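This is what each chain is made of:
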Amino acid sequence: MEANSKKNRLLGFISLGLSVWIAYMSFQLKATAYQGDPGPKMFPLIGAFILAVCGIALIVFPGKKEKGFLTKEQWFSCAKLFSMYVLLIVLLYLFGFLGAVPVMLFIITFMLSKLSLTDKSTGQRFVTSLIFGIVGGIVLYLLYVKLLGAKMPVGVIMKMLQK
């Protein structure tokens, strides 16, 4: 058996064990008082199910030997995208949902548009990303805050401006 197959099988068993632990911990959460509402355990259970399916797939089909996980450029792109999520956390803390989400939608969309809109110029990609950031931010605000009544983070600077 190849070393890569052993690693994939081990990862499959770890994923399966982690999914069982997530499911067990999810069932410890208290249900809501609303009839038919699954409560806060629904999303962790969905995630545990997906993780279990992936773990079983790695155990049954461990895969073939690969040359490498990511190239140097792909690692750099991964680091850039991860730094954007760190920036999102900072923006959510400072400016809240209304300030952070449209900005981050714009930035991430513009970063990824280099791959998806290869035939467009930088200016066209900029405008497309700007429109997507604004419209996406408005749609998310309407869905979560107005329709679902969710409380979104306000941000320290926005709190200071409201006073």
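Residues numbered from 1 in each chain as written. Predicted model: local features only at pLDDT ≥ 70, side-chain atom pairs only at ≥ 80, totals over all residues. Heavy atoms only, no water.

What is the right way to look at the packing of aromatic side chains in this model?
The geometry of an aromatic ring pair is captured by two quantities: the separation of the ring centres and the angle between the planes. Counted according to the given criterion, the structure contains three aromatic pairs. Taking the centre distance of 6.1 Å and the plane angle of 20 degrees together, the rings of Phe106 and Phe110 count as stacked. With Phe106 and Phe110 both in helix H3 (residues 72-116) and four residues apart, the pair spans about one turn of that helix. By relative accessible area, Phe110 is classed as partly exposed at 23%. Plain terms: the ring middles of Phe106 and Phe126 are 5.1 Å apart, the flat faces sit at 80 degrees to each other, and that makes the pair edge-to-face. Here Phe126 lies in helix H4 (residues 122-147) and Phe106 lies in helix H3, a separation of 20 residues in the sequence. One aromatic cluster is present, formed by Phe106, Phe110 and Phe126 through successive ring pairs. Positioned above the aromatic ring of Phe110 is the side chain of Arg125, whose terminal nitrogen or guanidinium carbon lies 5.0 Å from the ring centre. (Phe/Tyr/Trp six-rings, centres within 6.5 Å; stacked < 30°, edge-to-face > 60°. Helix = DSSP H or I, 4+ residues; strand = E, 2+ residues; numbered from the N terminus. Buried < 20%, exposed > 50% of the residue type's maximum accessible area, 1.4 Å probe, protein only. Lys NZ or Arg CZ within 6 Å of the ring centre and 35° of its normal.)

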